[in-house]
Amino acid sequence: LAGTLALYQVDYDKATQAIEDAGKDLVLPPIVDSPPMSLDDDLKYTTDPVGGVPALTATFHTMTSARVGLAFRVDHVSRVQLFYLAALPDLMRSAGLYEDGTPLFADEMAERLRNEILDLSVFTSSDLLTGRVELVIEGAGNDLDETKLAIDWMRRVLLAADWRPENLHRLRDLVDQSITQLRQVTQWPEEAWVENPRNMWWRQQWPVMLHAESLFTR
């Protein structure tokens, strides 16, 4: 066995040397005159506040649609209410609405959203370096009028989500769906989820992040 391994090592070294010799004749291209200094040097944006609230406005000249987002920090959620963070985006986005004494049921709301706007999203966003955790509501439209309508839908899910006892069957259904989806995550390809447990173990001293982002805590 030792003799076989020694012969293999000789052949391996010869092949390695041949690759290195071939690479010596390659001429590498020169570095560009103006290498990028950020993730997107050409992004046109401003950070002027809107109504006294910090805001980022970015413009993409090749796009005709627009997306508007609001981010609310959730740092001060009390410990006894932290567990709500796991379900909050779904409960806001998919429970239906109740406005002026009139319910808009979840299936009707979903159909209207498909017909009226490009997108309405509610989710949590976090930063592993700073500990920032935010609840984000985004709306998008294909033109100005549709974007304005998307903003109005954002207002409605913020202020009029149907969390009445009469809608309890829908709220329970959303929680059950969320639990089922979370339990199925580990059946996905590992590269799609394996970093989450690692990151949350690293930041386990941040309970807000755990309840908002951790696969197993949620």
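Predicted, not measured: the structure shown is a model, and the values here were computed from it.

Student: Lay out the overall build of the protein in plain terms, naming residues and giving numbers.
Tutor: Within the protein, the regular secondary structure consists of 7 helices and 7 strands. For the protein, the α and β elements follow one another from N to C terminus as α-β-β-β-α-β-β-α-β-β-α-α-α-α. In summary, the protein has a C-alpha radius of gyration of 26 Å against a globular reference of 17 Å for 218 residues, an excess of more than 25%. Along the first, second and third principal axes, the C-alpha set of the protein runs to 85 × 50 × 35 Å. In the protein, which comprises 218 residues, the proportion classed as buried is 27%.

Student: Tell me about the sheet that holds strand E3 (residues 66-73), residues and numbers included.
Tutor: Taken together, the 3 strands give an open sheet; going across it, the order is E3-E7-E6, and neighbouring strands pair in antiparallel fashion. Pairing within the sheet leaves two strands with one partner each, and these edge strands are E3 and strand E6 (119-126). Here the strands of the sheet are splayed against their neighbours by 20° on average, with no regard to which way each runs. Two strands pair when backbone bridges link them, and E6 and strand E7 (residues 133-141) are joined in this way by 8 bridges, in the antiparallel orientation. Residue pairing for E7: Ser125 is matched across the bridge by Glu134.

Student: So what's going on with the packing of aromatic side chains? Which residues, and what values?
Tutor: Enumeration according to the criterion identifies 2 aromatic pairs in this entry. Judged by centre distance (6.1 Å) and plane angle (35°), the ring pair of Tyr8 and Tyr12 falls under tilted. One end of the pair is Tyr8 and the other is Tyr12, both in helix H1 (residues 2-23) and 4 residues apart, which spans about a single turn. Tyr8 gets classed as exposed once you look at its relative accessible area, which sits at 53%. Using a relative accessible area of 48% as the deciding quantity, one classes Tyr12 as partly exposed. Here the basic side chain of Arg156 rests over the ring of Trp153, its NZ or CZ set 4.4 Å away from the ring centre.

Student: Before we move on, could you go through the environment of Val175 and cite the residues and values that matter?
Tutor: By the element assignment, Val175 lies in helix H5 (residues 168-184). In the structure, Val175 is positioned 93 residues away from Leu82 in sequence and 15 Å away in space, judged by C-alpha atoms.

Student: Describe the nonpolar core, and please don't skip the residues or the numbers.
Tutor: What tends to happen in soluble globular proteins is that the nonpolar side chains get buried as a cluster. If you look at the biggest cluster of nonpolar residues, it comprises 24 residues, and the most contacted ones within it are Leu85, Met109, Leu120, Leu135, Ile137 and Trp153. Elements with a minimum of two residues in this core: helix H2 (88-94), helix H3 (106-116), E6, E7, helix H4 (144-159) and helix H7 (207-213). Ignoring sequence-local partners within four residues, the contact set of Leu135 consists of Leu70, Ala71, Phe72, Val74, Leu88, Pro89, Met92, Val122, Phe123 and Thr124.

Student: Please provide a residue-by-residue account of unusual backbone geometry, values included.
Tutor: You will see that Asp100, though not glycine, has its phi angle at about 50°, which is positive. Residue position: Asp100 is located in the loop between strand E4 (97-99) and strand E5 (102-104). For Asp100, a relative accessible area of 82% gives the class exposed.

Student: Mind laying out the environment of Asp162, listing which residues take part and the relevant values?
Tutor: On the secondary structure map, Asp162 appears in the loop between H4 and H5. Using a relative accessible area of 1% as the deciding quantity, one classes Asp162 as buried. In sequence terms Asp162 and Leu91 are 71 residues apart; their C-alpha atoms lie 8.5 Å from each other. Beyond its immediate sequence surroundings of up to four residues, Asp162 is in contact with Ala95, Gly96, Leu97, Tyr98, Pro103, Asn167 and Leu171.

The rules behind these values
Residues numbered from 1 in each chain as written. Predicted model: local features only at pLDDT ≥ 70, side-chain atom pairs only at ≥ 80, totals over all residues. Heavy atoms only, no water. Helix = DSSP H or I, 4+ residues; strand = E, 2+ residues; numbered from the N terminus. Rg over C-alpha atoms; globule rule 2.2 N^0.38 Å. Buried < 20%, exposed > 50% of the residue type's maximum accessible area, 1.4 Å probe, protein only. Pairing = 2+ DSSP bridges. Axes fitted to C-alpha atoms, helices over the stretch in contact; angles between N-to-C directions. Phe/Tyr/Trp six-rings, centres within 6.5 Å; stacked < 30°, edge-to-face > 60°. Lys NZ or Arg CZ within 6 Å of the ring centre and 35° of its normal. Core = buried A, V, L, I, M, F, W, Y, C linked by side-chain atoms within 4.5 Å. Contact = heavy atoms within 4.5 Å.

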